[in-house]
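# Observations on the model geometry
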Amino acid sequence: MKLPIAVRCLLLVGMLFLAAGCGGKPPGERSPDVSSRPPITVPRPPEEQPPAVPPAPYDNPDPSRLNGPKALMEDMARGDRFPRRELADGSFCYEVEVFYATDRLSETPSVFSPSRILWEFAWPLGGLSLAAGLLTAAIWSRQRRVLAVFAALATVFSLAASHGAAISIQQLRRAELASSRVYGAGRNEFFGRGRVEFGRCQVTIPHDHRVGALESPNLLYGELKEEAGDHIVLVDTRLMPAKDFFPAMKAAVAADPRKQALVFIHGYNVPFKDAARRTAQMAYDLKFQGAAMFYSWPSQATYRGYFLDEQNIEWTVPQLKQVLRQVVEESEAESIHLIAHSMGNRALAQVLKEFSLETRRNADGTSRKLFNQVVLAAPDIDAGTFANTIAPSLRDTAERVTLYASSGDRALQASRLAHGFRRVGDSSNGPLIVEGIDTVDVSRVDTSLIGHSYYGGNAFLIDDLRALLHRNAPCSGRSWLEELRGASGNYWVFRPEIRAAAAAAAEAADRTRR
């Protein structure tokens, strides 16, 4: 069957728009005048800590198991240091400030530039053109039902893409009005060398936030824009010179009785704004009282950008090393925790390997531990390379190293197919067990579709991270973990029924106390 020229043109236009949407983002312009964006120069004074809430009495039959209802209650009562913001509709949200360091290229947030409009609406226009072409083709085809079904799918896809584009335009408009810093997917280079910018992000958390959720506008609920009372919103991003950044971070560390700092390194397919939102969500859910910070490298934030992200994660290693060294030397934190996800583990592992080689050894042959907790969540690293060359350096630089893996991680299974070798965070053939590293299999509690973002999106994992950061609790001291014997050693698995029972007991005791 030969289709009319008009139908073929519609199908061609649809495919062209979809191809444009698959491409990388248009290169962002450098901000013409950095000084025109008001930097933060005065560190915010430490906020007064609310009085500790005494936990309800609880008789733990096994003192060695540190994390029953009593421990959970103490963690939940660990102070809401996050200030409240009253909203116009009478509700409220919480404000969370997180520090950042990035070697991304900054952009001018111009909403109405032709390249920006083309990029944001390429997918919606492509979907609509494709749907129109399929519906028109159905008129001359005997396979009308099949074509109609595909046209309906293309229409649904176009609506979803239009919703995402509208949200993105709103975010750019907000940044433009507030003279907020915007970062794209390009590299920030100066004569071939990466440059790092520092700053602070302000993020709002809804008052009815669910632990682990990264609330965003949902088209199914008719939500067409970001609302501070319903969603986690990146409100503002401010550039700070390094001479002001580290004193501000030092003040945040000093406000924490434990003198802690947390640095998060995101993975593949993550834009700057989502890295900021995820860091704020984790800091809020973890009740983290110290300085929460994230390092954002130039991920392309597209699914097809995987191999380009692999090049950028190697390129970013010197910049990440510089940032972590400055955090160690200038933050005055007594405990520095590192959490890396997916491909971000590659850069972190390489940096810790270099730190291990450079750190002076003590008389007994041991090295100084620069970091307290190092958490490797779903690492997209070759398993053989990790076991042979990376693991020893991790043990040399951290007090405790925890590896989270899952047998349901579809993203790492796809990575294994692409590279031909097993990934560290994929436990489908059994978890990787390395001496000196706590391996935790999260397959029992990770029920998400892709199974790759459990590190911050799962309430069980949040509780486990809280026990690590607040209590330095070993696996044997976390009652919801069960020890199993593998072919090359022991590892740990989640027992969700134990965690659910402990949480229910903690909530019941809290209601009784109130």
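## Some words on the overall build of the protein chain
When its secondary structure is counted, the protein chain shows 14 helices and 16 strands. The buried share among the 514 residues of the protein chain stands at 53%. A separation threshold of at least 6 residues defines the contact pool for the protein chain, and within that pool the share at least 24 residues apart is 80%. Counting every atom, the protein chain has about 23500 Å² of accessible surface; 57% of that belongs to carbon and sulfur.

## Side note on the side chain of Asn-312
Along the polypeptide, Asn-312 turns up in helix 7 (residues 306-315). Among the residues examined, Asn-312 registers a relative accessible area of 3% and is labelled buried. Within the local environment of Asn-312, its side chain forms a polar contact with the side chain of Arg-187, the two groups lying 2.6 Å apart.

## Quick word on the nonpolar core
Counting 54 residues, the largest nonpolar core has Phe-371 and Phe-386 as the members making the most contacts within it. Excluding residues within four positions of it along the chain, Phe-386 makes contact with Leu-376, Ile-381, Ala-391, Leu-394, Val-424, Leu-432, Val-434 and Ile-437.

## What to know about unusual backbone geometry
The phi angle at Phe-191 is positive, at roughly 50°, despite the residue not being glycine. Along the polypeptide, Phe-191 turns up in the loop between strand 5 (189-190) and strand 6 (193-194). Residue classification places Phe-191 among the exposed positions, given a relative accessible area of 77%. Although it is not a glycine, Asn-269 sits at a positive phi angle of roughly 60°. Relative to the assigned elements, Asn-269 resides in the loop between strand 9 (260-265) and helix 6 (272-285).

## Side note on the packing of helix 9 (residues 344-358) against helix 10 (residues 383-397)
At a minimum axis separation of 8 Å, helix 9 and helix 10 run at an interaxial angle of 65°. Crossing handedness for the pair helix 9 and helix 10: left-handed. The segment helix 9 lies against helix 10, with Ala-349, Leu-352, Lys-353, Phe-355 and Ser-356 engaging Thr-389, Ile-390, Ser-393, Leu-394, Asp-396 and Thr-397. Here the contact of helix 9 with helix 10 is built from residues that sort into 5 nonpolar, 4 polar and 2 charged.

## Regarding a nonpolar patch on the surface
Together, Val-146, Val-149, Phe-150 and Leu-153 line one region of the surface with nonpolar side chains, adding up to about 380 Å² of accessible area. If you trace the backbone, Phe-150 turns up in helix 4 (residues 144-177). Classification of Phe-150 by relative accessible area gives partly exposed; the value is 47%.

## Side note on the pairing of strand 7 (residues 197-206)
Within strand 7, 10 of the 10 residues are buried, which leaves the element mostly enclosed by the surrounding structure. The side-chain alternation of strand 7 yields two buried faces, one formed by Glu-197, Gly-199, Cys-201, Val-203 and Ile-205 and the other by Phe-198, Arg-200, Gln-202, Thr-204 and Pro-206. As paired elements, strand 2 (residues 92-102) and strand 7 share 10 bridges and run antiparallel to each other. Counted as the bridge partner of Glu-97 is Gln-202 from strand 7. Pairing of strand 7 with strand 8 (residues 233-240), which is carried by 7 bridges, proceeds in the antiparallel orientation. The residue of strand 8 that forms the bridge with Phe-198 is Met-240.

Rules used throughout
Residues numbered from 1 in each chain as written. Predicted model: local features only at pLDDT ≥ 70, side-chain atom pairs only at ≥ 80, totals over all residues. Heavy atoms only, no water. Helix = DSSP H or I, 4+ residues; strand = E, 2+ residues; numbered from the N terminus. Buried < 20%, exposed > 50% of the residue type's maximum accessible area, 1.4 Å probe, protein only. Contact = heavy atoms within 4.5 Å. Areas by Shrake-Rupley, 256 points an atom, 1.4 Å probe, with all protein chains shown as cover. Polar contact = N/O pair within 3.5 Å; in protein donor to acceptor, adjacent residues only side chain to side chain. Core = buried A, V, L, I, M, F, W, Y, C linked by side-chain atoms within 4.5 Å. Axes fitted to C-alpha atoms, helices over the stretch in contact; angles between N-to-C directions. Left-handed = near helix turned anticlockwise from the far one by under 90°. Nonpolar A, V, L, I, M, F, W, Y, C, P; charged D, E, K, R; others polar. Patch = residues over 30% accessible without salt bridge, like charges linked within 9 Å, V, L, I, M, F, W, Y side chains within 5 Å. Salt bridge = Lys/Arg side-chain N within 4 Å of Asp/Glu carboxyl O. Pairing = 2+ DSSP bridges.

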